[in-house]
Amino acid sequence: MTTHHSGPGTMAQHALDELRRAIVSGRYRPGQRVLQEEIAESLGVSLAPVREALRALEQEGQVVYRPRRGYFITELHAADLQEIYALRQLLEERAVRQSLPALDEDAVERIALAARDCAEAARRGDVAAELEANRRFHFNILESADQPHTVRLIRLLWDSTEPYRAMYYNSPEEREKTVEAHDEILDAVRRKAADEVIAALDAHRDRALTTLTHILAAG
């Protein structure tokens, strides 16, 4: 695939976007080696922007570099997931309590639109589109201008489990349960019921953690 990007920064971003899509679509699985030459050839770019993109993913925790072997999709153990999800619970509760009172009608509509997009992607079985809409749904709830550090840390935790989130959404049952969870969360958001939003997010997160733990045990 030939690109027409004009600068190395743009080409690196293009490579990064393509690698993210490969991860969330399940083309790359945890533990799988990332072949730089193959990616560069498929994108019609040199190795430099691919390496730059991989370094960015390494900083996010989505890939690891092994000397003389190259980059691999990060593998996590059940204990890693439990720690990450426990940290998310703490930070996301803080974020909700700060952001929810300030949500206006436009913000709530953006959350509702993301929920609809997520549901439509789930019905189509489009995992990549559902993951993108799911991310919009959650961060439209969590983000607020006066707590950038909290949200930055939440993003890092989300990014570190992205390959596993793709595995979770490959289950039709889990895609359906996500739509139901989003409906419950959205209802509580509309009513500005912070405790209910937090409880629904906790239940949503706990189900994902349980499912992913079973996937790891089976693997």
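This text follows the structure it describes.
Right, let's walk through the structure included here. These figures come from a predicted structure and were not determined experimentally. (Residues numbered from 1 in each chain as written. Predicted model: local features only at pLDDT ≥ 70, side-chain atom pairs only at ≥ 80, totals over all residues. Heavy atoms only, no water.)

A few points about the overall build of the protein
Test applied: Runs of H or I in DSSP of at least four residues are treated as helices and runs of E of at least two as strands, each being numbered from the N terminus. The atom set for the radius of gyration is the C-alpha atoms, and the globule formula is 2.2 Å times the number of residues raised to the power 0.38. Partly exposed residues are those whose accessible area sits between 20% and 50% of the maximum for their type, while under 20% is buried and over 50% is exposed, using a 1.4 Å probe and protein chains only. Two residues qualify as a contact provided that any one of their heavy atoms is within 4.5 Å of a heavy atom in the partner residue. Surface accessibility in these figures is a Shrake-Rupley result with a 1.4 Å probe; residues are shielded only by whichever protein chains are displayed. We treat Lys and Arg as the positive residues and Asp and Glu as the negative residues; His and chain ends play no part in the count. By convention, the charge on Lys lies at NZ, on Arg at CZ, on Asp at CG and on Glu at CD.
A tally of regular secondary structure across the protein gives 10 helices and three strands. Moving toward the C terminus, one meets the helices and strands of the protein in the order α-β-α-α-β-β-α-α-α-α-α-α-α. Whereas a compact globule of 219 residues would reach a radius of gyration of roughly 17 Å, the protein reaches 18 Å, a difference of no more than 12%. Here the C-alpha coordinates of the protein stretch approximately 50 × 40 × 35 Å along the principal axes. Expressed as a percentage of its 219 residues, the buried residues of the protein come to 47%. Across the protein, contacts joining residues at least 24 apart in sequence account for 70% of those joining residues at least 6 apart. Of the roughly 11,300 Å² of accessible surface on the protein, a fraction of 50% belongs to carbon and sulfur atoms. Positive and negative side-chain charges of the protein, numbering 29 and 37 respectively, have mean locations separated by a distance of 4 Å.

Considerations on the sheet that holds strand E2 (residues 63-66)
The following threshold applies: Any two strands with at least two DSSP bridges between them are considered paired.
As summarised here, the arrangement of the three strands in space is E1-E3-E2, forming an open sheet in which the pairing is antiparallel. Each end of this open sheet is capped by a strand with a single partner; those strands are strand E1 (33-34) and E2. The pairing of E1 with strand E3 (residues 70-73) spans two bridges and is classified as antiparallel. Across the sheet, residue Val-34 finds its bridge partner in E3, namely Tyr-71.

Structural notes on the nonpolar core
Our working definition: The definition of a nonpolar core used throughout is a set of buried Ala, Val, Leu, Ile, Met, Phe, Trp, Tyr and Cys residues joined through side-chain atoms within 4.5 Å.
Counting residues in each nonpolar core, the largest one holds 43 residues, and the members touching the most others are Val-96, Phe-137, Ile-185, Val-189 and Val-197. Of all the secondary structure elements, the ones that give two or more residues to this core are helix H4 (78-99), helix H5 (105-124), helix H6 (127-142), helix H7 (148-160), helix H8 (162-169), helix H9 (172-190) and helix H10 (194-218). Element by element, the count of residues in this core is highest for H10, at eight residues. Sequence-distant contacts of Val-96, that is, excluding residues within four places in its chain, are made with Pro-101, Ile-141, Leu-142, Ala-194, Val-197, Ile-198 and Leu-201. Leu-19, Leu-43, Val-50 and Leu-57 belong to the second-largest nonpolar core, a separate cluster that totals 18 residues.

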